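Descriptive structure summary
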Amino acid sequence: MMGINQEVPKVIGKQVYGSLYDCDEEVLKDVEKLKNIVINAAKIGNMTLLDVKAWKIGEGASVVAIVLESHITIHTWPEYKFATVDVYSCGAKSDPKKAFAYIVKELGAKRYTMNEADRSSDF
């Protein structure tokens, strides 16, 4: 709950996450391409990239970007043309929805779910 005289919460938390279906199988397998997608998503979402780590897991991959404002993750299952994406930001000027939309486009998802959570707090 926000106080009467407060316009913004003490802690801002914006999370956008979802499942991507019928994606481009080749992109889902390509760890370097996935890393570049996450790097660009951070820029598009107005986030400050600190580090990116990626792991090949079977045919798929997991990519984690640590941003000053929180994180971006992509986990892929190319054999099912499926991926999950999570973009979380505590930055007042960041736009996790823009970052999420960019990832959806770059993975070639023909359909997807997108959920939003407001994790802000005024204590």
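The following refers to the structure shown. (Residues numbered from 1 in each chain as written. Predicted model: local features only at pLDDT ≥ 70, side-chain atom pairs only at ≥ 80, totals over all residues. Heavy atoms only, no water.)

**Section: the overall build of the protein chain**
Within the protein chain, the regular secondary structure consists of three helices and seven strands. For the protein chain, the sequential pattern of α-helices and β-strands runs β-α-α-β-β-β-β-α-β-β. By the compact-globule yardstick of 14 Å for 123 residues, the protein chain fits well, its C-alpha radius of gyration being 15 Å. By its C-alpha atoms, the protein chain is 50 × 30 × 20 Å across when sized along the principal axes. A buried classification covers 40% of the 123 residues belonging to the protein chain. Counting contacts in the protein chain only where the partners sit at least 6 residues apart, residues at least 24 apart contribute 63% of the total. Surface accessibility of the protein chain: about 7,100 Å² in total, with carbon and sulfur atoms responsible for 52%. Positive and negative side-chain charges of the protein chain, numbering 16 and 17 respectively, have mean locations separated by a distance of 2 Å. (Helix = DSSP H or I, 4+ residues; strand = E, 2+ residues; numbered from the N terminus. Rg over C-alpha atoms; globule rule 2.2 N^0.38 Å. Buried < 20%, exposed > 50% of the residue type's maximum accessible area, 1.4 Å probe, protein only. Contact = heavy atoms within 4.5 Å. Areas by Shrake-Rupley, 256 points an atom, 1.4 Å probe, with all protein chains shown as cover. Lys, Arg positive; Asp, Glu negative; His and termini not counted. Charge placed at Lys NZ, Arg CZ, Asp CG, Glu CD.)

**What to know about unusual backbone geometry**
A positive phi angle, close to 55°, is found at Asp22, a residue other than glycine. One can find Asp22 in the loop between β1 (14–21) and α1 (25–29). Non-glycine residue Lys81 carries a positive phi angle of around 55°. Position of Lys81 relative to the elements: it lies in the loop between β4 (70–77) and β5 (82–89).

**With respect to the packing of helix α2 (residues 31–44) against helix α3 (residues 96–106)**
Relative placement of two packed helices is described by the angle separating their axes and the distance separating the axes. For the pair α2 and α3, the least separation of the axes is 8 Å and the interaxial angle reads 145°. The handedness of the crossing between α2 and α3 is right-handed. Two secondary-structure elements touch here, α2 through Ile37, Asn40, Ala41 and Ile44 and α3 through Lys98, Ala99, Tyr102, Ile103 and Glu106. Here the residues of the contact of α2 with α3 sort into six nonpolar, one polar and two charged. (Axes fitted to C-alpha atoms, helices over the stretch in contact; angles between N-to-C directions. Left-handed = near helix turned anticlockwise from the far one by under 90°. Nonpolar A, V, L, I, M, F, W, Y, C, P; charged D, E, K, R; others polar.)

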